[in-house]
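Fold and contact review
Here is how the chains run, residue by residue.
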Amino acid sequence: MSEKTPIKKKFILSEDGFNKLLSEDIMSVSKTHFTPIHIAETATDWLTEDGDKNILDIGAGIGKFCISGALHSNSKFTGIEIRPSLVKVAKFLLKAYDLSNVEFYEQNSIDVDFQKFDAFYLYNPYYENIAHTKRLNNELPLSEAYFRTYTKQTAYKLDQLKIGTRVVTYHGDNHEIPVSYEKKRVSNDGLLKLWIKT
């Protein structure tokens, strides 16, 4: 078990301060599609309570969870996002906050080696494929087949990981969480959940 090192914060992150860096079109969908800062901080606490981690955010969007988590802890955060326009925004924000413990990549979760990470964050990353009215933008084709494929592949990859691997989910039906994971914590509203491989 790794130990947590003391956190050295450069900034106190606020919703207003973060939103001021966003364009109007991104800001207009931020509340629906990107993790609130207080949720990101709680999720980070749950993922790292037994030590600093190497955390993967699947479907990172503009990188709000990763940036919030990196300012709240000393863990390393990697965000993958399939939309090039959002990765561009995430990298702009990363530069603005001058963080060395965050990376963003334009990548599909199917192509990522989960073995490189020991903790994961999922804000319902595949839901747009079955709820087209809630889509973020028109950058990608969406389909129920994609939802089934991505969910199945994510569950398979998570199932291959070592005992003790942590996953936090926000929203969703959690079909991507395999039965080898036990639900350990749930927020008061039932939307944020901690799962640990047993």
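Scroll up a little and you will see the structure.
Remember, predicted model here, so these are calculated numbers, not experimental data.

**Quick notes on the overall build of the protein chain**
- If you tally the helices and strands in the protein chain, you get six helices and seven strands.
- Reading the secondary structure of the protein chain in the N-to-C direction produces α-α-α-β-α-β-α-β-β-α-β-β-β.
- A globule of 198 residues ought to have a C-alpha radius of gyration of about 16 Å, and the protein chain, at 16 Å, matches this closely.
- Taken over 198 residues, the protein chain has a buried fraction of 50%.
- A separation threshold of at least 6 residues defines the contact pool for the protein chain, and within that pool the share at least 24 residues apart is 68%.
- Carbon and sulfur atoms make up 51% of the accessible area of the protein chain, which totals about 10,200 Å².
- Computing the positive centroid from 26 side-chain charges and the negative centroid from 26, the protein chain places the two 1 Å apart.

**Re the packing of helix 3 (residues 37-48) against helix 4 (residues 64-72)**
- Packing of helix 3 against helix 4 leaves a shortest axis separation of 9 Å and a crossing angle of 60°. Put simply, helix 3 runs oblique to helix 4. The interaxial crossing formed by helix 3 with helix 4 has right-handed handedness. Within the contact between the two elements, helix 3 uses Ile37, Ala40, Glu41, Ala43, Thr44, Asp45 and Leu47 and helix 4 uses Lys64, Phe65, Ser68, Gly69 and His72.
- Here the residues of the contact of helix 3 with helix 4 sort into five nonpolar, four polar and three charged.

**Details of the pairing of strand 7 (residues 192-197)**
- With six of six residues buried, strand 7 is to be regarded as a mostly interior element.
- Burial along strand 7 is two-sided: Leu192, Leu194 and Ile196 facing one way and Lys193, Trp195 and Lys197 facing the other are all buried.
- Direction of pairing for strand 6 (residues 181-186) relative to strand 7: antiparallel, over a ladder of five bridges. Among the inter-strand pairings, valine 186 is bridged to a residue of strand 7, identified as lysine 193.
- As consecutive antiparallel partners, strand 6 and strand 7 are separated by five residues, and within that stretch glycine 190 has a phi angle of approximately 80°, a positive value.

**Re the packing of aromatic side chains**
- Counted according to the given criterion, the structure contains eight aromatic pairs.
- Measuring from ring centre to ring centre gives 5.7 Å for phenylalanine 65 and phenylalanine 77, while their planes differ by 70°; the resulting arrangement is edge-to-face. Separated by 12 residues along the polypeptide, phenylalanine 65 in helix 4 and phenylalanine 77 in strand 2 (residues 76-81) bring together distant segments of the chain. Like phenylalanine 77, phenylalanine 65 is buried.
- Centroid distance tyrosine 126 to tyrosine 150: 5.4 Å. Interplanar angle 40°. Geometry classified as tilted.

**So, the environment of proline 84**
- Along the chain, proline 84 falls in helix 5 (residues 84-97).
- A C-alpha to C-alpha distance of 8.5 Å links proline 84 and glutamate 139, two positions 55 residues apart in sequence.
- Setting aside anything within four residues of it in sequence, one finds proline 84 in contact with Glu106 and Glu139.

**Details of the sheet that holds strand 6**
- The sheet built from seven strands is open, its strands ordered 3-2-1-4-5-7-6 with mixed pairing. What marks the edges here is a single partner per strand, and that holds for strand 3 (102-106) and strand 6. Across the sheet, the axes of successive neighbouring strands diverge by a mean angle of 20°, strand direction being ignored.
- Helix 5 rests against strand 2 and strand 3 of the sheet, and its axis sits at about 160° to strand 3.

**Thoughts on the pattern of salt bridges**
- Under the defined criterion, the tally for this structure stands at nine salt bridges.
- The partner of aspartate 50 in a salt bridge is lysine 53, with the nearest N and O atoms 2.4 Å apart.
- A salt bridge links glutamate 144 to arginine 148; the nearest nitrogen and oxygen atoms lie 4.0 Å apart. Of this pair, glutamate 144 and arginine 148 both sit in helix 6 (residues 144-159), four residues apart, which is roughly one turn of the helix.
- It is possible to trace a salt-bridge network through shared partners that takes in Glu49, Asp50, Lys53, Arg166 and Arg185.

The rules behind the values
In this numbering scheme, every chain counts its residues from 1 along its sequence in written order. Restriction of local features to residues with pLDDT of at least 70 applies here, the model being predicted, together with a cutoff of 80 or more for giving and counting side-chain atom pairs; totals for whole chains, interfaces and linings are based on all residues. Only hydrogens and water are set aside when side-chain values are computed; all heavy atoms of the structure are taken into account. Helix and strand labels come from DSSP, where a helix needs a run of H or I of at least four residues and a strand needs a run of E of at least two; each type is numbered from the N terminus. The quantity called the radius of gyration is restricted to C-alpha atoms. Its globule counterpart is 2.2 Å times the number of residues to the power 0.38. For every residue, the accessible area obtained with a 1.4 Å probe (protein chains only) is divided by the maximum for its type, and the residue is called buried under 20%, exposed over 50%, and partly exposed between those limits. Whether two residues are in contact is decided by their heavy atoms: any pair within 4.5 Å suffices. Only the protein chains shown count as cover for residues, and the accessible areas themselves come from Shrake-Rupley with a 1.4 Å probe. Think of it this way: Lys and Arg go in the positive column, Asp and Glu in the negative one, and His and the chain ends go nowhere. In this description, the location of a charge corresponds to atom NZ of lysine, CZ of arginine, CG of aspartate or CD of glutamate. To obtain an axis, a line is fitted to C-alpha atoms, over the contacting stretch when the element is a helix, and the angle between two such axes runs from 0 to 180 degrees between their N-to-C directions. By the definition adopted for this analysis, an angle is roughly parallel if under 35 degrees, roughly antiparallel if over 145, roughly perpendicular if from 65 to 115, and oblique otherwise. Crossing handedness follows the turn of the near helix against the far one: under a right angle anticlockwise gives a left-handed crossing, and clockwise gives a right-handed one. Under the convention adopted here, Pro, Cys and the residues Ala, Val, Leu, Ile, Met, Phe, Trp and Tyr are nonpolar, Asp, Glu, Lys and Arg are charged, and Gly plus all remaining residues are polar. Only when DSSP finds a minimum of two bridges between them are two strands counted as paired. Stacked, tilted and edge-to-face are the three classes applied to pairs of Phe, Tyr and Trp rings, where Trp contributes its six-membered ring and a pair requires centres within 6.5 Å; stacked means planes under 30 degrees apart, edge-to-face means over 60, and tilted covers the rest. Criterion for a salt bridge: a side-chain nitrogen of Lys or Arg within 4 Å of a carboxyl oxygen of Asp or Glu.

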